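Observations on chain architecture
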Amino acid sequence: MPTPVNVAVVYYSSTGTVARIAEAIAEDAERAGAEVRLRKAAELAPQAAIDSNPAWAANAEATAGIAEVSPDDMLWADAVVFGSPTRYGNVAAQLKQFIDTLGGLWQAGQLADKVYSGFTSSSTLHGGQESTLLALYNTVHHFGGILVAPGYTDPTKFVDGNPYGTSHVSGQGDLPVDATTLTAARVQAERVVKFTRALKAGLAAEG
């Protein structure tokens, strides 16, 4: 039997692009044989701000049934795939706020030796996608995590062109997640599961 693998897909999404990618990565990880938890970061924006944007309000309603992430999800996971829209080339405050609550687990060494990866979206081409993922990965290094980015390890990666993680340009909400992005999500999810399984099996063999 293959080594069991637990993957947590933890994301923040305002208008739904990152939520759609998160769902795809979760589904692809399950197809690759992982047990998956799909979790969203808690919303920090006031309800008035959400209601002022129809796409934001629609996404909040559509994802109301998805559980909010907790530190227990981090403990459960062998791999964590974080997703955030780019905010001025950086991680969204909602996801960062959750990460900033993990100091106790980090100090206890309970976030180390797990696999981590990330995905993002932006309104414009380039628009901070790479810097957002690199900023996110700074945290992985502090955790003592094992970073598994997609790289150019599959021919399809030369189509989407982002070796750091899955990313999508959403425009003003008029550019929905497409086949190129979904393919990138599949490649990333499969790679995360593959190397998490190998790492977990190797560590178990060492005793």
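Calculation notes
Think of each chain on its own: its residues are numbered from 1, step by step along the sequence as written. Predicted model: local features are reported for residues with pLDDT of at least 70 only, side-chain atom pairs are reported and counted for 80 or more only, and whole-chain, interface and lining totals are derived from all residues. Only hydrogens and water are set aside; all other atoms, that is, all heavy atoms of the structure, feed into the side-chain values. What counts as a helix is a DSSP run of H or I of at least four residues, what counts as a strand is a run of E of at least two, and both are numbered from the N terminus. When we talk radius of gyration, it's over C-alpha atoms, and the globule rule is simply 2.2 Å times the number of residues to the 0.38. Under the scheme applied here, a residue whose accessible area is under 20% of the maximum for its type counts as buried, over 50% as exposed, and between as partly exposed, the area being computed with a 1.4 Å probe on protein chains only. Working rule for contacts: check all heavy atoms of both residues, and any pair within 4.5 Å makes them a contact. Taken from the helix axis, the directions to the C-beta atoms give the arc we talk about. In the sections that follow, a salt bridge refers to a side-chain nitrogen of Lys or Arg positioned within 4 Å of a carboxyl oxygen of Asp or Glu. We define the nonpolar core as a collection of buried residues of types Ala, Val, Leu, Ile, Met, Phe, Trp, Tyr and Cys that are connected through side-chain atoms lying within 4.5 Å of one another. In this scheme, a helix's expected span is set at 1.5 Å multiplied by one less than its residue total. We define a polar contact as two N or O atoms separated by no more than 3.5 Å, with the added condition that, inside protein, one atom must be a possible hydrogen donor and the other a possible acceptor, whereas residues neighbouring each other in sequence contribute only through side-chain atom pairs. Stacked, edge-to-face and tilted labels apply to pairs of Phe, Tyr and Trp rings (six-membered ring for Trp) whose centres lie within 6.5 Å, assigned for plane angles under 30 degrees, over 60, and everything in between, in that order. A pair of strands is considered paired only if DSSP assigns at least 2 bridges between the two. Think of it like this: strands point away, you trace from the first strand over the helix to the second, and a clockwise trace means the crossover is right-handed.

**Re the overall build of the chain**
When helices and strands are counted, the chain shows 9 helices and 7 strands. On C-alpha atoms alone, the chain measures out to a radius of gyration of 16 Å, which is about the 17 Å that the 2.2 N^0.38 rule sets for 207 residues. Its C-alpha atoms put the chain at 55 × 40 × 30 Å along the principal axes. Out of the 207 residues belonging to the chain, those deemed buried represent 47%. Look at the contacts in the chain between residues 6 or more apart in sequence, and 79% of them connect residues 24 or more apart.

**Let's talk about helix α5 (residues 93-100)**
Helical geometry: 3.6 residues make up each α-helical turn, so side chains three or four residues apart lie on a common side. Three or more residues of α5 are buried, namely Gln94, Leu95, Phe98 and Ile99. Buried residues in α5, looked at end-on, bunch into an arc of 140°, giving them a common side. Next to the buried residues of α5 lie β1 (6-11), α4 (71-76), β3 (79-87), β4 (90-91) and α7 (129-143).

**Regarding the pattern of salt bridges**
Tallied over the entire structure, the rule returns 8 salt bridges. Arg31 is the salt-bridge partner of Asp28, the closest N and O atoms lying 2.6 Å from each other. With a gap of 3 residues between them, Asp28 and Arg31 both fall in helix α1 (residues 17-31), about one helical turn apart. Under the relative-accessibility criterion, Asp28 is labelled buried at 8%. Arg31 gets classed as exposed once you look at its relative accessible area, which sits at 63%. A salt bridge links Asp73 to Arg39; the shortest N-O distance between them is 3.3 Å. In this pair, Asp73 is assigned in helix α4 and Arg39 in strand β2 (residues 35-40), connecting sequence segments 34 residues apart. Looking at Asp73, the relative accessible area reads 3%, which means it is buried. A single salt-bridge network, built from bridges that share partners, covers Arg37, Arg39, Asp72 and Asp73.

**Quick look at the nonpolar core**
Judged by nonpolar contacts, the single largest core of 26 residues is most densely connected at Val10, Met74, Phe82 and Tyr116. Every element with two or more residues in this core is listed here: β1, β3, α5 and α7.

**Focus on helix α9 (residues 179-206)**
Relative to the 40 Å expected for 28 residues at 1.5 Å per residue, α9 spans 41 Å between its end C-alpha atoms, a close match to the ideal helical length. Those residues of α9 lying buried are Thr181, Ala184, Ala185, Val187, Gln188, Ala189, Val192, Val193, Thr196 and Arg197. Buried positions along α9 lie against β1, α1, β3, β5 (115-122), α8 (157-160) and β7 (166-169). Looking one or two places after α9, you find Gly207, whose phi comes out positive at around 80°.

**As for the side chain of Thr196**
Within the fold, Thr196 resides in helix α9. Here Thr196 falls in the buried class, since its relative accessible area comes to 2%. A polar side-chain atom of Thr196 sits 2.6 Å from the main-chain carbonyl oxygen of Val192.

**Considerations on the packing of aromatic side chains**
Tallied over the full model, the rule gives 3 aromatic pairs. Centroid distance Phe82 to Tyr116: 6.3 Å. Interplanar angle 15°. Geometry classified as stacked. Taken together, the residues span a long stretch of sequence, with Phe82 in strand β3 and Tyr116 in strand β5 at a distance of 34 residues. As far as the burial class goes, Phe82 and Tyr116 line up, both buried. Here Tyr152 and Phe158 contribute two aromatic rings whose centre-to-centre distance is 5.0 Å and whose plane-to-plane angle is 25°, an arrangement assigned as stacked.

**Focus: the pairing of β1**
Of all 6 residues in β1, 6 are buried, a share of seventy percent or more. Covered by surrounding structure in β1 are Asn6, Ala8 and Val10 together with Val7, Val9 and Tyr11, the residues of both alternating faces. Where β1 lies against β2, 6 bridges are found, and the strand directions are parallel. Of the residues in β2, the one forming a bridge with Tyr11 is Lys40. Between the parallel elements β1 and β2, the chain passes through α1 in a crossover that is right-handed.

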